Amino acid sequence: MMASDPVLQLQRVERRFRQGTKTLSILDGADFALRRGEMVALVAPSGAGKSTLLHLAGLLERPDAGDVVLNGQSCGKLSDDARTAIRRNDVGFVYQFHHLLPEFSALENIVLPQLVHGLARQEAEHRATQLLDYMKIAKRAGHRPAELSGGEQQRVAIARAVANAPLVLLADEPTGNLDPVTAGYVFEALEALVRHSGLSALIATHNHELAGRMDRKVTLTDGKIIPA
Ligand code: ADP
């Protein structure tokens with residue numbers, strides 16, 4: 001695979017939901033390509049299908065038709081186990097709410113996924129410390145989530161999402177729960193991390209100012225992904 005090849009592709013993806021007697025066609029022949037190192041904003045109104053798109057892209061759900069290609073591999077016809085393995089290796093998720101483990105420190109929250117991944121504790125701690133440093137919260141390493149501010153919690157959640165060096169970071173309103181100033185700082189840290197690590201990121205956000213700082217913006221219209 002060439003360096004310029006997309007790391008993530010959606011090919012003619014369809015996704016429908018039944019709501020009572022109606023069928024909602026959320027994605028209807030949607031095409032999209034995320035290139036290596038690219039940061040793309042997904043901006044669309046609530047209910048447009050942003051979360052659905054991210055779940056499909058991250059192999060959490062299967063499309064009704066079409067395919068998702070991650071790192072050159074067509075994932076549509078793979079078994080659930082194969083998809084889970086690809087997701088664990090190649091995809092990092094950040095949500096609006098941090099979902100950190102409350103009984104563990106910030107550092108441990110970033111160490112644990114790496115141990116599950118097979119890393120030795122020393123390496124995992126080294127990387128977790130580095131990531132907390134990038135996110136500018138190294139001083140908070142020993143604190144539990146409840147002892148951190150909302151912005152700090154999201155920084156830890158972002159560090160955790162990239163702990164196993166995924167290819168693609170998918171974020172669903174990662175700063176949606178924060179005040180504008182904090183959102184700006186957290187986004188800055190996220191951006192620095194993505195740029196530094198050469199990650200590719202698709203980030204759903206309502207925040208037009210933050211969206212404007214990414215490489216490009218896309219939106220969802222009539223089930224298609226189009227430039228915004
Ligand atoms: P967004 O993230 O842009 O707010 P979503 O992807 O969450 O939008 O939802 C898009 C639409 O699809 C909404 O109308 C929602 O109610 C519907 N939807 C999402 N997931 C399901 C599901 N599992 N079953 C039925 N309807 C769903």
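A brief look at the structure comes next.

What counts as what
- Residues numbered from 1 in each chain as written.
- Predicted model: local features only at pLDDT ≥ 70, side-chain atom pairs only at ≥ 80, totals over all residues.
- Heavy atoms only, no water.
- Axes fitted to C-alpha atoms, helices over the stretch in contact; angles between N-to-C directions.
- Helix = DSSP H or I, 4+ residues; strand = E, 2+ residues; numbered from the N terminus.
- Parallel < 35°, antiparallel > 145°, perpendicular 65-115°, else oblique.
- Left-handed = near helix turned anticlockwise from the far one by under 90°.
- Contact = heavy atoms within 4.5 Å.
- Core = buried A, V, L, I, M, F, W, Y, C linked by side-chain atoms within 4.5 Å.
- Buried < 20%, exposed > 50% of the residue type's maximum accessible area, 1.4 Å probe, protein only.
- Salt bridge = Lys/Arg side-chain N within 4 Å of Asp/Glu carboxyl O.
- Near = heavy atom within 4 Å.
- Polar contact = N/O pair within 3.5 Å; in protein donor to acceptor, adjacent residues only side chain to side chain.
- Areas by Shrake-Rupley, 256 points an atom, 1.4 Å probe, with all protein chains shown as cover.
- Pairing = 2+ DSSP bridges.

Focus on the packing of helix H5 (residues 150-161) against helix H6 (residues 180-197)
Piece 1. Between H5 and H6, whose axes approach to 10 Å, the crossing angle comes to 20°. When the axis of H5 is compared with that of H6, the two are roughly parallel. Considering the relative orientation of H5 and H6, their crossing is right-handed. Between H5 and H6, the residues in contact are Gly151, Gln154, Arg155 and Ile158 and Thr182, Tyr185, Val186, Ala189, Leu190 and Leu193, respectively.

Here we look at the nonpolar core
Piece 1. Counting 40 residues, the largest nonpolar core has Met39, Ile110, Val156, Leu169, Leu190 and Ile203 as its most contacted members.
Piece 2. Looking at this core, the elements with two or more residues in it are strand E3 (39-42), helix H3 (106-116), helix H4 (121-134), H5, strand E7 (168-172), H6, strand E8 (200-204) and helix H7 (208-211).
Piece 3. Tallying contributions element by element places H6 first for this core, with seven residues.
Piece 4. The residues contacting Ile203, other than those within four sequence positions of it, are Met39, Val40, Ala41, Leu42, Ala171, Pro174, Phe187, Leu190 and Met214.
Piece 5. Core analysis: the second largest hydrophobic core is formed by 31 residues, Phe32, Leu53, Ile86 and Leu220 among them.

Some words on the pattern of salt bridges
Piece 1. Scanning the entire structure with this criterion turns up twelve salt bridges.
Piece 2. Across the salt bridge formed by Glu38 and Arg216, the nearest N and O atoms sit 2.6 Å from each other. Here Glu38 is found in the loop between strand E2 (22-35) and E3, whereas its partner Arg216 is found in strand E9 (residues 216-221), with 178 residues between them in sequence.
Piece 3. Salt-bridge contacts for Arg62 lead to Asp80; the nearest nitrogen and oxygen are separated by 2.8 Å.

Topic: the site of the ligand
Piece 1. Taken together, the residues surrounding the ligand are Phe17, Gln19, Leu24, Ile26, Pro45, Ser46, Gly47, Ala48, Gly49, Lys50, Ser51 and Thr52.
Piece 2. Here Lys50 contributes a backbone N or O atom positioned 2.8 Å from an oxygen atom of the ligand.
Piece 3. Between the ligand and Ser51 there is a distance of 2.8 Å, counted from an oxygen atom to a side-chain nitrogen or oxygen.
Piece 4. Notes on the ligand: free accessible area 560 Å², of which the protein chains cover 63%.

Structural notes on the sheet that holds strand E1 (residues 6-19)
Piece 1. Strand order in this open sheet of four strands is E2-E1-E4-E5, and the pairing throughout is antiparallel. Each of the sheet's edge strands pairs with one partner strand only, and the pair in question is E2 and strand E5 (73-74).
Piece 2. Where strand E4 (residues 65-70) meets E5, two bridges bridge the pair, whose relative direction is antiparallel. Its bridge partner lying in E5, Val69 is registered against Ser74.
Piece 3. Where helix H1 (residues 50-57) meets the sheet, its contacts fall on E1, E2 and E4, and the angle it forms with E1 comes to roughly 125°.

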